[in-house]
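Here is how the chains run, residue by residue.
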Amino acid sequence: MPIQSIFPLFTTRCDSASNPPPPPLLPPPGGSKSGEAVSTPPPPPPAAESDKASAPPPPSPAAADDDIAKAAASVSSCPNPGPLEMATWDVRRLVSLDTYDGVRVDISKQLSPYFACVHSFHLGTTMLPDGKNCSYGFTTQMNDEEGFMMARVDPERGTVDGRIHKALLGGLAMGKLQLGLSSEGQSDQMLGEVDVGAATWTANFKYGSMGGGNVFGCNYFQAVSPKLAMGGEGMYIGANGNMISSYTAKYSFDNGNEEATDAAPAPGPPEAPSYLAATYNAGQGMLSFNYKRAVTAQRVNIGASLECSPMTLESQVMLGAEFNLTRSKMNICVDGSGRIQSVLETKLGREQGSPALNFAAELDHGKNVMKFGYGR
């Protein structure tokens, strides 16, 4: 076999413009037939122009800064002040305690994660009307992610009280319905409310029937600055034709001299900040000032309330304090008439749902009245 059939010769000119082609590959072991061409792997295809154009260019730093500036501008530094009815709730809770006499027992049973019932007994008390010294009430409550429903039945008085709270419009508003029915039918009442709000304000609209006449009302609470909120409320009572209005201003501030503590925080939601609130009730001509201060965060709180009439110069002052410990809580308050109230609540276990024991006492020096009660 001639050698030319195995190694074909290629000739080229030295002065050719193009480079000579590469030599062919050797045949695989075992040989190949004469005259059979040897194949070479194809080169990779070039990148398509469409693939190069499909990748988006990286965002410029200027565009990213503009997006951050727009997001920051859309967020207000003024927080939502909450409902107007709850503006001074912390002070009212401190200066007016729920004291009682006799024995009061509440037995609750969790029937499901969403449903519970409570049996309430009050024995040996002088606080009930018509000279009765005992009472019984049955309460049921159902909760879910969108609200709750509650009903209470009092067989002694023949009354049924109900309350329904339901989120509306996907959580943008909250609807409330309150009912009070009795066997006589003279004191029946119904009140419907709608709460709406945004980032810096809350509003409430109410309509119902109370005392034999219609009731219309609305209120509005607006955050003017990060620490100042102002609002007002108006209500018309059709039973007596009265128009009631009130105006509230609330200023919150931080505790500058608050000392750090290593104690564990008290259970429950965080306490509201210290604040000073002023309310003027135009219908009654009363001016009230409420002050609340967190001496130690979630541990020691104090409150003071001053109510006065600018026309008659009559006034009343009330002071209260609360001390939260690991498994107990102590509340005490005193007013200008010499009445002293105190409530001690202690947990009998560390697990969730453990029973609690309460002791309540009230001493009124002006009326020479003393009360003492305990319960769970």
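Nothing here was measured: the structure is a model prediction, and the numbers come from that model.

S.K.: Where do I start with the side chain of Asp 335 in this structure?
M.R.: Position of Asp 335 among the secondary structure elements: in strand β16 (residues 328–335). We classify Asp 335 as buried; its relative accessible area is 10%. When residues no more than four places from it in sequence are discounted, the contact partners of Asp 335 are Gln 316, Val 317 and Met 318.

S.K.: What is the right way to read the confidence of the model for the protein from this model?
M.R.: Fine structural detail should not be taken from predicted coordinates in areas where pLDDT scores are low. Of the residues in the protein, 75% have a pLDDT of 70 or more, and the chain-wide mean is 81. The low-confidence segment residues 30–39, where pLDDT is below 50, has 3 contacts with residues more than four positions distant or belonging to other chains.

S.K.: I tried to follow the layout of surface pockets on my own but got confused; where do I start?
M.R.: If a probe as big as a water molecule is rolled over the atoms, it shows which places are left empty. Approximately 700 Å³ is the volume found for the second largest pocket. Lining the second largest pocket are 27 residues, with Thr 88, Arg 92, Ser 246, Thr 279 and Asn 281 sitting closest to its centre. Looking at the lining of the second largest pocket, the elements with two or more residues in it are α4 (89–95), β10 (228–237), β11 (242–253), β12 (274–281), β13 (286–296) and β14 (300–308). Taken together, the residues that form the lining of the second largest pocket break down as 10 nonpolar, 12 polar and 5 charged.

S.K.: Can you help me understand the pairing of strand β6 (residues 173–182) in this one?
M.R.: Put simply, side chains in a regular strand alternate between the two faces of the sheet. By the bridge criterion, 10 bridges tie strand β5 (residues 159–168) to β6 in an arrangement that is antiparallel. What sits directly across from Leu 168, in β6, is Ala 173. Where β5 hands over to β6, the hairpin turn is made up of 4 residues, of which Leu 169 adopts a positive phi near 55 degrees. Hairpin remark: β6 followed by strand β7 (residues 189–197), antiparallel, with 6 residues in the connecting loop; positive phi at Gly 185, about 85 degrees.

The rules behind each value
- Residues numbered from 1 in each chain as written.
- Predicted model: local features only at pLDDT ≥ 70, side-chain atom pairs only at ≥ 80, totals over all residues.
- Heavy atoms only, no water.
- Helix = DSSP H or I, 4+ residues; strand = E, 2+ residues; numbered from the N terminus.
- Buried < 20%, exposed > 50% of the residue type's maximum accessible area, 1.4 Å probe, protein only.
- Contact = heavy atoms within 4.5 Å.
- pLDDT = per-residue confidence, 0-100.
- 1 Å grid on protein atoms, 1.4 Å probe; cavity = no way out; pocket = protein on both sides within 12 Å on 5 of 7 lines; lining within 4 Å.
- Points joined across faces, edges and corners; volume = space filled by probe spheres on them.
- Nonpolar A, V, L, I, M, F, W, Y, C, P; charged D, E, K, R; others polar.
- Pairing = 2+ DSSP bridges.

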